[in-house]
Amino acid sequence: MGKPLKIACIGARGIPSNYSGIEKACEGLYSSLAMRGHDITVYCRPEYVTQSPCAYRGVRLRPAPTLRTKSLDTLSHVAASLTHALIRERYDLIHLHALAPGIFSRICRLSGVPTVATVHGLDWQRAKWKGVASVVLRSAERSIVKNVDQILVVSRDLQSYFRDRHSRATIYMPNGVETPNETDCHCTAVLKEFALEPNGYLLYLGRLVPEKRIDDLILAFRRVQTCHKLVITGEGGYTDPYVEHLHRLATSDPRVVFTGLQNGPAVHTLLRNAALFVLPSELEGLPMALLECMQHGTPAVVSDIPPHRELLGGIPGFDLFFQPHDVSGLHSRLHSGLALLDHYRTVARSARDHVLDSHSWPALAVRTEEIFYQTLDLRERTGK
């Protein structure tokens, strides 16, 4: 380990996580890096910072303003964050997250500050970013390829994409998990609030957005003859019409329960006590929710897309894949999962061992730290 580094994180909403996988990834990575002695600042949306100075798990949280509209929310926040980082501070390295911040990556290059970007997914593919927004995100992707020192990607599928589409080498750095405190897995309040019994429900956990295909899950579940409930945990994000559509689909089935957004202990409890975890997405980077499901040893039913294959395809006995958009296929897998629950719990224990061996945040933080030092060393040697 070299000298402690002063690092700025730009692109996440903030920590602790209460929205999406990027925030969970940042929380796990940066708290581990802070424990290793690095000086980390995460630029946050204002709602994450209630007092100043503010810190969480050894990480400094600095608010940056944002224009709260669907099209300008992220870009305005990134612009304000970078302005402060480049003018008011002297960071050793800037770490960008997601594609959108890449639109400003040339400014990082011209400023002379070494820059690393982590790509969590191809955001221009997401349903909420169409038209001009998709064009901007594609431009951001090209800017990242041209201007940042290193690109980290969270899946092998993304690594292949950047190689084939941009002829740009990237570094595979998957998302990880932290071992939860056991007390965080016994939040009985959330079970009582929604009248849930351990192993008496199926769980979806994540954002309520169209590419997650939660409507397919509700339609498939309605055809399953079971006393189990379907618990849908999460919230939208500028997707109110889709959320309303989900509630309409579920109106005729009292077994479907919407919990809204839940905090850490409640999430761990819901994951630990679910009979099955279900992720029907058509698009993912490397889903944190699925990693955490595997960590808890909970059987999973997932769409057959490359990131899900990457995590579960090599697990002996796992066969609960279905094709995205295939409601009948999803219904069949839900039925099989519930009918052979003891078998799939055994399979899930193998998945848990795999995640704990290969996706530990402390170990991934060491690898990320090495890349940061290599980036600084290359800049120093080449002057570029």
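Scroll up to find the structure this text is about.
Summary of the structure given here. The structure displayed is predicted, hence computed values, not measured ones.

Reading the values: rules and limits
- Residues numbered from 1 in each chain as written.
- Predicted model: local features only at pLDDT ≥ 70, side-chain atom pairs only at ≥ 80, totals over all residues.
- Heavy atoms only, no water.
- Helix = DSSP H or I, 4+ residues; strand = E, 2+ residues; numbered from the N terminus.
- Expected span 1.5 Å × (residues − 1).
- Buried < 20%, exposed > 50% of the residue type's maximum accessible area, 1.4 Å probe, protein only.
- Arc of directions from axis to C-beta.
- Pairing = 2+ DSSP bridges.
- Contact = heavy atoms within 4.5 Å.
- Axes fitted to C-alpha atoms, helices over the stretch in contact; angles between N-to-C directions.
- Phe/Tyr/Trp six-rings, centres within 6.5 Å; stacked < 30°, edge-to-face > 60°.
- Polar contact = N/O pair within 3.5 Å; in protein donor to acceptor, adjacent residues only side chain to side chain.
- Right-handed = clockwise from strand over helix to strand, strands pointing away.

### Remarks on helix 13 (residues 341-358)
Relative to the 26 Å expected for 18 residues at 1.5 Å per residue, helix 13 spans 25 Å between its end C-alpha atoms, a close match to the ideal helical length. Along helix 13, the positions that sit buried rather than exposed are Leu 341, Tyr 344, Val 347, Ala 348, Ala 351 and Val 355. On an axial view of helix 13, the arc spanned by its buried residues comes to 115 degrees, and they lie on one face. Exposed positions of helix 13 whose direction lies more than 90 degrees from the buried face are Asp 342 and Asp 357.

### Things to note about the sheet that holds strand 4 (residues 59-63)
Strand pairing in a sheet is mediated by backbone hydrogen bonds. Such pairs are either parallel or antiparallel. Strands sit in the order 3-4-2-1-5-6-7-8 across an open sheet of eight strands; the sheet is mixed. With partners counted over all chains shown, the strands left at the sheet margins are strand 3 (54-56) and strand 8 (171-172), one partner each. With four bridges connecting them, strand 6 (residues 115-119) and strand 7 (residues 150-153) associate as parallel partners. By the bridge assignment, Ala 117 is partnered in strand 7 with Ile 151.

### Quick notes on the sheet that holds strand 14 (residues 321-322)
Taken in spatial order, the six strands line up as 11-10-9-12-13-14 in an open sheet, and their pairing is parallel. For this open sheet the edge positions go to strand 11 (256-260) and strand 14, each flanked by a neighbour on one side alone. In terms of strand pairing, strand 13 (residues 300-303) meets strand 14 through two bridges, oriented parallel. Bridging from a neighbouring strand, Ser 303 pairs with Phe 322 of strand 14. Of the strands in this sheet, strand 9 (201-205), strand 12 (276-279), strand 13 and strand 14 are in contact with helix 12 (residues 327-339), which crosses strand 12 at around 165 degrees.

### A word on the packing of aromatic side chains
Applying the stated criterion across every chain yields a total of four aromatic pairs. Centroid distance Trp 124 to Tyr 161: 6.5 Å. Interplanar angle 45 degrees. Geometry classified as tilted. Taken together, the residues Trp 124 in the loop between strand 6 and helix 4 (132-147) and Tyr 161 in helix 5 (residues 156-166) connect sequence positions 37 residues apart. For Trp 124, a relative accessible area of 12% translates into the label buried. Through successive ring pairs, a cluster of aromatic residues spans Trp 124, Tyr 161 and Phe 162.

### Some remarks on the environment of Asp 304
Topologically, Asp 304 is positioned in the loop between strand 13 and helix 11 (306-312). Separated by 24 residues in the primary sequence, Asp 304 and Pro 280 have C-alpha atoms spaced 8.6 Å apart. Apart from the residues within four sequence positions on either side, Asp 304 is in contact with Arg 309, Phe 321, Phe 322, Gln 323 and Pro 324. Among the polar contacts listed, one links the side chain of Asp 304 to the side chain of Arg 309, at a separation of 2.7 Å. Reaching out from Asp 304, the side chain makes a polar contact with the side chain of Gln 323 at a distance of 3.4 Å.

### Here we look at the environment of Val 278
On the secondary structure map, Val 278 appears in strand 12. Its relative accessible area of 0% is what places Val 278 among the buried residues. As a C-alpha pair, Val 278 and Ala 289 span eleven residues in sequence and 9.9 Å in three-dimensional space. Setting aside anything within four residues of it in sequence, one finds Val 278 in contact with Leu 202, Leu 203, Tyr 204, Leu 217, Val 301, Leu 330 and Leu 334.

### Focus on the pairing of strand 13
Residues of strand 13 alternate between two faces, with Ala 300 and Val 302 on one and Val 301 and Ser 303 on the opposite face, all of them buried. The pairing of strand 12 with strand 13 spans three bridges and is parallel. Directly across from Phe 277, in strand 13, lies its bridge partner Ala 300. Following the backbone out of strand 12, through helix 10 (residues 288-295) and into the adjacent parallel strand 13, one traces a crossover that is right-handed. Following the chain from strand 13 across helix 11 to the adjacent parallel strand 14, one finds a crossover that is right-handed.

### As for helix 9 (residues 264-273)
Within helix 9, seven of the ten residues are buried, which leaves it mostly tucked inside the rest of the structure. Of the positions making up helix 9, those classed as buried are Ala 266, Val 267, His 268, Thr 269, Leu 270, Leu 271 and Asn 273. Against helix 1 (21-35), helix 6 (188-193), strand 9, strand 10 (229-233), strand 12 and helix 10 lie the buried residues of helix 9. Measuring from the backbone nitrogen of Ala 266 back to the side-chain oxygen at the start of helix 9 gives 3.2 Å, which picks out Asn 263 as the cap.

Limitation: the analysis is restricted to geometry and does not speak to function.
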